[in-house]
Amino acid sequence: MATKCQKCGPGYPTPLEAMKGPREEIVYLPCIYRNTGIEAPDYLATVDVDPKSPQYSQVIEPSEIHAKCNLGNLHTSHCLASGEVMISSLGDPQGNAKGGFVLLDGETFEVKGTWERPGGAAPMGYDFWYQPRHNVMISTEWAAPNVLKDGFNPADVEAGLYGSRLHVWDWQRRELIQTLQMKDGLIPLEVRFLHDPAAAQGFVGCALSSTIQHFYKNEGGTWSVEKVVQVPPKKVKGWMLPEMPGLITDILLSLDDRFLYFSNWLHGDVRQYDISNPNKPCLAGQIFLGGSIVKGGPVQVLEDQELKCQPEPLVVKGKRVPGGPQMIQLSLDGKRLYVTTSLYSAWDKQFYPDLIREGSVMLQIDVDTVNGGLKLNPNFLVDFGKEPLGPALAHELRYPGGDCSSDIWI
């Protein structure tokens, strides 16, 4: 964590020390109404995740979010050692592709300008992660907001309108120094360096290709990337295409850099991989939490390289869960994984229309950190379909003092 930000959070000196911190008691989630048909502002929900609390697994405090500027299409934010906040962008205010970064004052949140040098933005943008000890930042790319805003069109893939590259930046000079074209790397979304600040390697999840790619620094100082996990597509009937990808939409690493987790939003499963050998991740746990291939749904699986039969629909506390696992967040000690089910309202509407009608949910998975393994907590369900203003789409999960997908040690 940045030293200047210690007064805002626990300020653990190392990732391993953070794993010894207190159990999380609340989680923050942005909740979306845009493009759902409900005329209401987006808001920030506070969810009680303390099992000793009488309000356990309930929304306890919604707060309205108001836009402060017209920068448009912003995504990932990270604190910097300078005290500033840096936010990535998918495009310009008109919805055209542009992979730039905005700098905010860490105290007032006033816009200070762009992080990259003038004219130095990447062709596309989405997520980013930096590793100061190696003077490097790596960013990913989804597509221009104008391309993805109305849903997914396979023709846009053929036209080359979706990303497939990693961008390597000189952290001090704020310049793009290398672009890595990935094999089987369509739509690279979330990128994660290992938490060890001395590590010069990490992983990125490529949604459409449904691969995990391992990037690393070479002896000469350049960077390389290679595929280390492939989720095979399923041949299906009753879907928009003859083959359905897993669609890896979120990944994260445990703070001890032992396990990698990712969600297959379409197939409906969350996976846990042992990455003790980063070049050869080993599947350690898997759990199905809904998805598009459940029994009794419109999709029939004709050929499956992994499963012998289609999974059962997920019912938690009497509610059949709509959608599939999407955003994930791990407890600091690595023993609990939280999951939400909404990706992006236009894509929710296209692939899981029940999400628009019913709202998304938040689930919790118990994690075996010794032998590996994932098990659903049947007593935890946050149903955002019951919000006072109508069904909402809950998205990213954050803890007040920092977490596995936002904290960077320097």
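Within each chain, residues carry numbers counting from 1 in the order of the written sequence. Note on the predicted model: pLDDT of at least 70 is required for a residue's local features to be given, and 80 or more for side-chain atom pairs to be given and counted; whole-chain, interface and lining totals, by contrast, use all residues. Side-chain calculation: all heavy atoms of the structure are included, whereas hydrogens and water are not.

- As recorded in an unreviewed UniProt entry, the chain goes by the name Methanethiol oxidase, listed as coming from Nannospalax galili.
- The heading Catalytic activity (unreviewed entry) in the UniProt record of the chain holds the text "methanethiol + O2 + H2O = hydrogen sulfide + formaldehyde + H2O2 + H(+)". UniProt positions are given in the numbering used here, feature names are shortened, and annotations may be inferred rather than shown by experiment.

1. Quick notes on the packing of aromatic side chains
Reasoning step 1: Classification of ring pairs rests on two measures: the distance between centres of Phe, Tyr or Trp rings, Trp counted by its six-membered ring, which must be within 6.5 Å, and the angle between planes, read as stacked under 30 degrees, edge-to-face over 60 and tilted in between. Scanning the entire structure with this criterion turns up 25 aromatic pairs.
Reasoning step 2: Taking 5.9 Å as the distance between ring centres and 90 degrees as the angle between the ring planes, the aromatic pair formed by F193 and W223 counts as edge-to-face. In this pair, F193 is assigned in strand β12 (residues 188-193) and W223 in strand β15 (residues 223-230), connecting sequence segments 30 residues apart. The two residues F193 and W223 agree in class, both being buried.
Reasoning step 3: Judged by centre distance (5.5 Å) and plane angle (15 degrees), the rings of F262 and Y273 are stacked. Linking F262 in strand β19 (residues 259-264) with Y273 in strand β20 (residues 269-274), this pair joins segments that are eleven residues apart in sequence.
Reasoning step 4: Classification of F262 as buried rests on a relative accessible area of 0%.
Reasoning step 5: The cut-offs for exposure are 20% and 50% of the maximum accessible area for each residue type, with area from a 1.4 Å probe on protein chains only; residues under the lower value are buried, those over the upper are exposed, and the others partly exposed. By relative accessible area, Y273 is classed as buried at 7%. Every helix listed is a DSSP run of H or I at least four residues long, and every strand listed is a run of E at least two residues long, numbered separately from the N terminus.

2. A word on the nonpolar core
Reasoning step 1: Membership of the largest hydrophobic core comes to 31 residues, with the highest contact counts inside it found for W142, Y162, W265 and W347.
Reasoning step 2: Elements represented by at least two residues in this core include exactly α2 (145-148), α4 (345-351) and α5 (353-358).
Reasoning step 3: Among the elements that line this core, the one with the most residues is α4, at three residues.
Reasoning step 4: Among all residues touching Y162, those that are not within four sequence positions of it are M124, W142, A143, V147, L148, G151, F152, D156, V157, I187 and W347.
Reasoning step 5: Within the second largest apolar cluster, 27 residues are counted, among which are L255, Y261, I287 and L374. To form a nonpolar core, buried Ala, Val, Leu, Ile, Met, Phe, Trp, Tyr and Cys residues must be joined to one another through side-chain atoms within 4.5 Å. Note on definitions: a residue-residue contact is assigned when non-hydrogen atoms from the two residues lie within 4.5 Å.

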